[in-house]
Amino acid sequence: MALQISDAFNEDRMDHILGADDRREGNCDRHGPFIDVHFSGKGKLPEGWKGCPECAEEAHRARMHEEERERQAELIRERADRFVRGSAIPKRFESKGFDEFRPVNGKAASILRKIQGYSDAISSGDHGGRSLILLGNVGNGKTHLGCALLRDVIRRTCKPGKYMTFAELVREVKATWRKDSQISEQDVYDRFAKPELVILDEVGMQNFTEFEQTVAYEAINARYLLEKPTVLITNLPAGDLSTCLGERVVDRMRESGGKALDFDWASYRATGEVTNG
């Protein structure tokens, strides 16, 4: 008897806190009969009939699920933003995406579509390590599109990517020769192989000694063995690629259907028409 009195007291106290002032029988099309509760609005709940408690619980769970989904999506966006900031995309190209590239002719438009399709393949994982070479005249948007590709892949995969020049790669390898170096040449190549996508720019501005050809091969081969795509950007003519880079490098880049896209129209910088970079 004492327990019943206590339960009734607690129920009355909760009704007062929540503002419940009336009850009635209700029927839910989905859950059947229930006791509907009316709230005055003077307590913690807004005025009105509460309705089916099971429907209310389902709606609450749906809201919680959506809030968690949005929270997870925001965490993914923040992580992708960190990867973009850490990708070393040059400041000049930080805000240049696919939409900012202005094709000046049909071939430029076709190349843009091919690179966007390549981004789709990498982002979906359906690439098999297929790489890409962007070659041709200075100032035709090769670096612009390379950086746009890198940013797009990072945001869509939420995986790290890296932009670097070939000269930077060579310097990193040479830095391991110092007596106080804490890393080896192999460490440099292993680090080069880690990102989901690497854009290696300014390939061909060197004399391409035997040492530089070795660096190019070791770096490209490290990614090739892991089936990770690499994009080379160069001003070299297609016919000079094997001579300068070495046949082994070109063979690795051609594996799995790797393509070379030739930016062979007049330089934007020379005409001053646009600044694709």
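Notes on the structure in this doc start here. (Residues numbered from 1 in each chain as written. Predicted model: local features only at pLDDT ≥ 70, side-chain atom pairs only at ≥ 80, totals over all residues. Heavy atoms only, no water.)

**Quick look at the overall build of the protein chain**
Each helix and strand in the protein chain was counted, giving ten helices and eight strands. Scaling as 2.2 N^0.38, a compact globule of 277 residues should have a C-alpha radius of gyration of about 19 Å, whereas the protein chain reaches 31 Å, well beyond that. By its C-alpha atoms, the protein chain is 95 × 50 × 30 Å across when sized along the principal axes. A burial count over the protein chain gives 41% of its 277 residues as buried. Once local pairs closer than 6 in sequence are excluded, the contacts in the protein chain between residues at least 24 apart make up 73%. For the protein chain, the accessible area works out to roughly 16,100 Å², and carbon and sulfur atoms hold 49% of it. (Helix = DSSP H or I, 4+ residues; strand = E, 2+ residues; numbered from the N terminus. Rg over C-alpha atoms; globule rule 2.2 N^0.38 Å. Buried < 20%, exposed > 50% of the residue type's maximum accessible area, 1.4 Å probe, protein only. Contact = heavy atoms within 4.5 Å. Areas by Shrake-Rupley, 256 points an atom, 1.4 Å probe, with all protein chains shown as cover.)

**Comments concerning the nonpolar core**
Among the nonpolar cores identified, the biggest contains 31 residues, and I115, L149 and V231 are the most heavily contacted of them. Here the element with the most residues in this core is helix 4 (residues 142–157); it accounts for seven residues. Discounting chain neighbours no more than four positions away, the residues touching I115 are F98, L132, L134, L145, L149, L261 and F263. Grouped together as the second largest cluster of nonpolar side chains are 29 residues, I133, L135, I220 and V250 included. (Core = buried A, V, L, I, M, F, W, Y, C linked by side-chain atoms within 4.5 Å.)

**A short note on the pairing of strand 2 (residues 32–39)**
A large share of strand 2 lies buried, amounting to six of its eight residues. Two elements, strand 1 (residues 20–28) and strand 2, share eight bridges in a ladder whose sense is antiparallel. Within strand 2, the position partnered with G26 by the bridge is F34. Where strand 1 folds back onto strand 2 in an antiparallel hairpin, the turn is made up of three residues. (Pairing = 2+ DSSP bridges.)

**Things to note about the side chain of S123**
By secondary structure assignment, the location of S123 is in helix 3 (residues 106–124). Of the polar contacts made by the side chain of S123, one reaches the backbone oxygen of S119; its length is 2.8 Å. Apart from residues lying up to four places away in sequence, S123 is in contact with V153, R156 and T157. (Polar contact = N/O pair within 3.5 Å; in protein donor to acceptor, adjacent residues only side chain to side chain.)

**Overview of the packing of helix 7 (residues 210–225) against helix 9 (residues 247–254)**
Relative orientation of the contacting elements helix 7 and helix 9 amounts to 25°, with a least axis distance of 9 Å. On the basis of their axis angle, the class for helix 7 and helix 9 is roughly parallel. Of the two elements, helix 7 crosses helix 9, and the hand of that crossing is left-handed. Contact residues: Q213, A216, Y217, I220, N221 and Y224 in helix 7; R248, V249, R252 and M253 in helix 9. Within the contact of helix 7 with helix 9, the residues separate by chemical class into six nonpolar, two polar and two charged. (Axes fitted to C-alpha atoms, helices over the stretch in contact; angles between N-to-C directions. Parallel < 35°, antiparallel > 145°, perpendicular 65-115°, else oblique. Left-handed = near helix turned anticlockwise from the far one by under 90°. Nonpolar A, V, L, I, M, F, W, Y, C, P; charged D, E, K, R; others polar.)

**Notes on helix 3**
Counted at 1.5 Å a residue, the expected span for helix 3 with its 19 residues is 27 Å, and the 27 Å between its end C-alpha atoms agrees. Elements in contact with the buried residues of helix 3: strand 4 (132–136), helix 4, strand 6 (197–203), strand 7 (230–234) and strand 8 (259–263). By the N-cap criterion, in which a side-chain oxygen at the helix start approaches the backbone nitrogen of a residue two or three places on, helix 3 is capped by N105, the distance to K107 being 3.2 Å. (Expected span 1.5 Å × (residues − 1).)

**A short note on the pattern of salt bridges**
Taken as a whole, this structure holds 13 salt bridges when the rule is applied. For the salt bridge of E58 with R30, the shortest nitrogen-to-oxygen distance reads 2.8 Å. On the criterion of sequence distance, the pair formed by E58 in helix 2 (residues 53–85) and R30 in the loop between strand 1 and strand 2 is long-range, its members being 28 residues apart. Since its relative accessible area comes to 59%, R30 is described here as exposed. The salt bridge partner of D120 is R156, with a shortest N-O separation of 2.8 Å. With D120 in helix 3 and R156 in helix 4, this pair connects stretches of sequence that are 36 residues apart. Among the residues examined, D120 registers a relative accessible area of 39% and is labelled partly exposed. Among the residues examined, R156 registers a relative accessible area of 43% and is labelled partly exposed. Residues joined by salt bridges that share partners form a network here, namely D120, D152 and R156. (Salt bridge = Lys/Arg side-chain N within 4 Å of Asp/Glu carboxyl O.)

So, to be careful, I would describe these as geometric facts and stop short of saying anything about function.
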